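Examination of the molecular architecture
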Amino acid sequence: MIVPMEKLTLLCLAADRDAMLRKLRRLGVVHITPVQPPASPRLDASRKRVDAIERALDLVPYSQGGEANEKDVGTLLSEIDALRQERLRLQEDLSVLQRQLRLQRPYGSFDPDLVRQLADEGVSVRLYQTAGKQEIELPEDALKVDLGTDRSTRYFAVITGGEAEVVAAEFPLPEHALQDLEAEINQGRARLVKNQTALDLHGVYRDQLLQALVEARDETRFLEAGAGMGASSDVAYLQGFCPAEAVDKVRKASQENGWGILAEKPGPDEEIPTLLR
């Protein structure tokens, strides 16, 4: 059954707006609709706090036990966000290393420092790749060393006594040898495991964060209601909808607190919240 609703307009002194909102929140029967788009620095800060707690909860798993040392929510959010940022940085670094490894692996294992040393001594070693069946023309004094193939590409090195032109896609000399890249990747994975362990240890605070989220959302709704109120001179007002059977409760609260109240039937084009019973 859909509960009949009435539209309410409530007025109070501008200085009493927060008190009115708190009392209406305790009554719990008025669905407040903004008279103007809600916006204020306090509301922005409250929304950011909700976002921060939700982000933290997405990262922190349910704990299987353990005792939580007392910490305030602000400290927890700072610790978890620092771990989140570290995790993003580690994942990005690992992705770069893995991509470099995929590109470099077809050329095999060699020491780039040795190649640079040879270049200083006048011996050029350059890496190339080309389509599998493409013929390569080399300078007369050049030595071509095949390094490997896959289904469509050949990988090779060209060794000359100086600079030489080769019509093929050159692969830049890498900074690190394959084994060094693999070692860095393993270290990166170990750092990610350590990071995840640190996040897991914050699982003992999950219930505290959930409670903080409930409170932050409630505070945000309260601030949205206040920021969405209209104001004229020293008077503030709000509008909303209330079950018809509960209007008398709001009238009584209005009389006790000196508010103005107007209850009326909603218009045909108004968006009325639906309450089912």
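Before reading further, recall that the structure is shown in the block above.
What comes next concerns the included structure. Source: prediction; values computed, not measured.

This part is about the overall build of the chain. Scanning the chain from N- to C-terminus turns up seven helices and nine strands. Against the 2.2 N^0.38 benchmark of 19 Å for 277 residues, the chain shows a C-alpha radius of gyration of 34 Å, more extended than a compact globule. For the chain, the spread of C-alpha atoms along the principal axes amounts to about 105 × 50 × 40 Å. Here the chain holds 277 residues, and the buried ones make up 32% of them. Surface exposure of the chain reaches about 17,400 Å², of which carbon and sulfur atoms provide 50%. Separation between the mean location of the 35 positive side-chain charges and that of the 46 negative ones in the chain comes to 8 Å.

On to helix H6 (residues 206-227). Taking 1.5 Å of rise per residue, the 22 residues of H6 would be expected to cover 32 Å, and the 31 Å separating its terminal C-alpha atoms lies within 8% of that figure. Residues of H6 that are buried: Arg206, Leu209, Ala212, Leu213, Ala216, Thr220, Phe222, Leu223, Ala225, Gly226 and Ala227. Along its buried surface, H6 packs onto helix H1 (17-27), strand E2 (31-33), helix H2 (41-59) and helix H3 (73-104).

Another point: the sheet that holds strand E4 (residues 143-149). If you walk across this open sheet you meet the four strands as E4-E5-E3-E6, and the pairing is antiparallel. The strands lining the two open edges of the sheet, one partner per strand, are E4 and strand E6 (169-171). Taken over all neighbouring pairs, the strand axes of this sheet differ in orientation by 35 degrees on average, direction set aside. Pairing between E4 and strand E5 (residues 153-160): six bridges, direction antiparallel. By the bridge assignment, Leu143 is partnered in E5 with Ile159.

For the rest of this paragraph, the subject is the nonpolar core. By size, the foremost hydrophobic cluster in this structure holds 23 residues, and its most contacted members are Leu8, Met20, Leu24, Val30, Leu238, Cys242 and Val250. Ranked by residue count, the leading element in this core is H6, at four residues. Excluding anything up to four places from it in sequence, Met20 contacts Leu10, Leu11, Cys12, Met229, Leu238 and Trp259. Core analysis: the next-biggest nonpolar cluster, separate from the first, contains 16 residues, Ala56, Leu209, Ala212 and Ala216 among them.

So, on to the packing of aromatic side chains. One pass over the full model with this rule turns up three aromatic pairs. Between the aromatic rings of Tyr107 and Tyr155, the centroid separation amounts to 5.2 Å while the plane-to-plane angle is 80 degrees, which identifies the pairing as edge-to-face. Remark: Tyr155 occurs in strand E5 and Tyr107 occurs in the loop between H3 and helix H4 (112-120); sequence separation between them is 48 residues. Given the relative accessible area of 9%, Tyr155 is considered buried. A centroid spacing of 5.7 Å and a plane angle of 20 degrees characterise the contact between Tyr128 and Phe156, whose relative ring orientation is stacked. Taken together, the residues span a long stretch of sequence, with Tyr128 in strand E3 (residues 124-131) and Phe156 in strand E5 at a distance of 28 residues. Look at Tyr128 and you get buried, because its relative accessible area is 2%. The structure contains a cluster of three or more aromatic residues connected by ring pairs, namely Tyr107, Tyr155 and Phe171.

Rules and cut-offs
- Residues numbered from 1 in each chain as written.
- Predicted model: local features only at pLDDT ≥ 70, side-chain atom pairs only at ≥ 80, totals over all residues.
- Heavy atoms only, no water.
- Helix = DSSP H or I, 4+ residues; strand = E, 2+ residues; numbered from the N terminus.
- Rg over C-alpha atoms; globule rule 2.2 N^0.38 Å.
- Buried < 20%, exposed > 50% of the residue type's maximum accessible area, 1.4 Å probe, protein only.
- Areas by Shrake-Rupley, 256 points an atom, 1.4 Å probe, with all protein chains shown as cover.
- Lys, Arg positive; Asp, Glu negative; His and termini not counted.
- Charge placed at Lys NZ, Arg CZ, Asp CG, Glu CD.
- Expected span 1.5 Å × (residues − 1).
- Contact = heavy atoms within 4.5 Å.
- Pairing = 2+ DSSP bridges.
- Axes fitted to C-alpha atoms, helices over the stretch in contact; angles between N-to-C directions.
- Core = buried A, V, L, I, M, F, W, Y, C linked by side-chain atoms within 4.5 Å.
- Phe/Tyr/Trp six-rings, centres within 6.5 Å; stacked < 30°, edge-to-face > 60°.

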